[in-house]
Amino acid sequence: MEKYKKAVELIKNSKNLVAFTGAGISKESGVPTFRGEDGLWSKYDPIILDIDYFKNNPKESWEAIRDIFYKYMQNVKPNPAHYFLADLEKRGILKGIVTQNIDNLHQKAGSRNVIEFHGNTRDVVCMGCGRKYPVDVVNFENLPPFCPVCGEVLKPDFVFFGEPIPEDAFRKSIELMENADTLLIIGTTGEIMPASQLPYLCKGKIIEINPNKSAYTDKIVDIYIPEKAGVAAEILENLI
Ligand SMILES: NC(=O)c1ccc[n+]([C@@H]2O[C@H](COP(=O)([O-])OP(=O)(O)OC[C@H]3O[C@@H](n4cnc5c(N)ncnc54)[C@H](O)[C@@H]3O)[C@@H](O)[C@H]2O)c1
């Protein structure tokens, strides 16, 4: 309990609190993570998210992506950890969330300043002309989808392995991290480059919530709470 009290003190006294989230924050909502026990990579080959593989095998990639991301993610709901961050923003304490997630759960919980470092599942983008469409245009029974204007393949508008980070998201994330006086890291291994480098830009104090140690825990974290995100968030919410 001592750790929770210290974390609450830091959070309440911070002028520029920022959160950095990964797949773990959504696990209690029912979205599987990539790595670890029951991780997606124990069932699927990560190659389906490689941009060169996608270009050569759009049908195979799309079919796996449909099963992994669209079937799961359409009906999932935020959990107490997402609501906790949304509440901190409403109270004026949290300035923004940099998320590696593409599941839209921060927005569903009511968070407004959400920087999607790896894009999102809401839109698709044309590989030919770059036009974007809402994912509703995709007929999941007949994959891959094609651009109604130029006829090229449509790709989910999230970042594949081998693709650059959207410029705007990259710039805003760096700005948030550099100005943060307290950073709350939730549910990420800290292994996916370049996202993993962002917390090192924070000059302030760092709190981490993750049942397992990450690449950050023993290096830059000041208060480590080894707990599931939803469970820890409920305790913190009650103390704030
Ligand atoms: N929900 C999503 O949008 C989703 C799902 C899978 C993967 N991805 C993306 O794939 C990449 C994977 O990197 P990553 O580091 O974010 O995830 P990861 O899959 O590599 O690791 C998950 C992390 O979450 C932790 N974790 C597991 N259960 C938790 C819980 N209940 N509460 C808190 N933490 C918990 C694990 O210990 C681990 O550190 C990222 O880009 C990620 O966003 C996104």
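Criteria and thresholds
Residues numbered from 1 in each chain as written. Predicted model: local features only at pLDDT ≥ 70, side-chain atom pairs only at ≥ 80, totals over all residues. Heavy atoms only, no water. Near = heavy atom within 4 Å. Polar contact = N/O pair within 3.5 Å; in protein donor to acceptor, adjacent residues only side chain to side chain. Areas by Shrake-Rupley, 256 points an atom, 1.4 Å probe, with all protein chains shown as cover. 1 Å grid on protein atoms, 1.4 Å probe; cavity = no way out; pocket = protein on both sides within 12 Å on 5 of 7 lines; lining within 4 Å. Sits in = over half its atoms within 2 Å of the grid points. Helix = DSSP H or I, 4+ residues; strand = E, 2+ residues; numbered from the N terminus. Axes fitted to C-alpha atoms, helices over the stretch in contact; angles between N-to-C directions. Left-handed = near helix turned anticlockwise from the far one by under 90°. Contact = heavy atoms within 4.5 Å. Nonpolar A, V, L, I, M, F, W, Y, C, P; charged D, E, K, R; others polar. Phe/Tyr/Trp six-rings, centres within 6.5 Å; stacked < 30°, edge-to-face > 60°. Pairing = 2+ DSSP bridges. Domains from an automatic or database assignment. Buried area = accessible area lost by both parts, 1.4 Å probe. Salt bridge = Lys/Arg side-chain N within 4 Å of Asp/Glu carboxyl O. Buried < 20%, exposed > 50% of the residue type's maximum accessible area, 1.4 Å probe, protein only.

Concerning the site of the ligand
Around the ligand sit 26 residues, and of these Arg35, Gln100, Asp103, His118 and Asn210 come closest. Within the contact set of the ligand, an oxygen atom lies 2.5 Å away from a backbone nitrogen or oxygen of glutamine 100. Measuring from an oxygen atom of the ligand, one finds a backbone N or O atom of glycine 187 at 3.3 Å. Contact with the protein chains removes 94% of the 840 Å² of surface that the ligand exposes when unbound. When each cavity is represented as a set of grid points, the ligand is found to reside in the largest pocket.

Things to note about unusual backbone geometry
Residue proline 144 is bonded to the preceding leucine 143 through a cis peptide linkage, with omega at 0 degrees. Here proline 144 shows up in the loop between β5 (132–134) and β6 (154–158). That bond from methionine 193 to proline 194 is cis: its omega, -5 degrees, falls within 30 degrees of zero. Residues other than glycine seldom take positive phi values, yet asparagine 104 does so here, at roughly 70 degrees. Relative to the helices and strands, asparagine 104 resides in the loop between β2 (94–99) and α5 (105–109).

As for the packing of helix α1 (residues 2–13) against helix α7 (residues 229–239)
As a packed pair, α1 and α7 sit with axes 10 Å apart at the nearest point and diverge in direction by 65 degrees. Crossing geometry of α1 relative to α7 is assigned as right-handed. Residues Tyr4, Lys5, Ala7, Val8 and Lys12 of α1 lie in contact with α7, whose contacting residues are Ala232, Ile235, Leu236 and Leu239. Grouping the amino acids of the contact of α1 with α7 by side-chain chemistry returns 7 nonpolar, no polar and 2 charged.

Considering the packing of aromatic side chains
Applying the stated criterion to the full structure yields 10 aromatic pairs. An aromatic cluster of three or more residues is present, and its members are Phe34, Trp41, Phe54, Phe69, Phe158 and Phe160.

Considering the sheet that holds β2
Neighbouring strands of a sheet are bound in pairs by backbone hydrogen bonds; such pairs are parallel or else antiparallel. Strand order in the open sheet made by the 6 strands is β3-β2-β1-β7-β8-β9, with parallel pairing throughout. On the outer flanks of this sheet lie β3 (114–116) and β9 (223–225), each paired with one strand and no other. If you compare each strand with its neighbour and ignore which way they point, the axes differ by 15 degrees on average. Both strand β1 (residues 17–21) and β2 contribute to a ladder of 5 bridges, which runs parallel.

Some details on the domain arrangement of the chain
The domain boundaries assigned to the chain delineate domain 1 (1–30 + 77–118 + 163–240) and domain 2 (32–75 + 119–158). Centre-to-centre, using C-alpha coordinates, domain 1 lies 26 Å away from domain 2. At the junction of the two partners, domain 1 supplies 18 residues and domain 2 supplies 16 residues. For the domain 1 and domain 2 pair, buried surface summed over both sides reaches about 1300 Å², with 49% attributable to carbon and sulfur atoms. For the domain 1 face of the interface with domain 2, the top three residues by lost area are Lys27, Ile102 and Glu163, together amounting to 39%. Our enumeration of links across domain 1 and domain 2 arrives at 2 salt bridges.

Description of the side chain of threonine 217
Structurally, the position occupied by threonine 217 is in the loop between β8 (205–209) and β9. Judged by its relative accessible area of 7%, threonine 217 is buried. Engagement of the side chain of threonine 217 in a polar contact is seen with the side chain of glutamate 208, the distance being 2.7 Å. Of the polar contacts made by the side chain of threonine 217, one reaches the backbone nitrogen of serine 214; its length is 2.7 Å. Contacts of threonine 217, omitting those with residues within four sequence positions, involve Glu208 and Tyr224.

Details of the pairing of strand β4 (residues 119–126)
Counted residue by residue, β4 has 6 buried out of 8 residues, so it is predominantly covered. Relative to β6, β4 is paired through 4 bridges, and the arrangement is antiparallel. In the strand pairing of β6, valine 125 is matched with lysine 155. Sheet topology note: the β4/β5 ladder contains 3 bridges and is antiparallel. Note that in β5 the partner of aspartate 123 across the bridge is proline 134. Between β4 and β5, which pair antiparallel in sequence order, lie 5 residues; one of them, glycine 130, sits at a positive phi of approximately 80 degrees.

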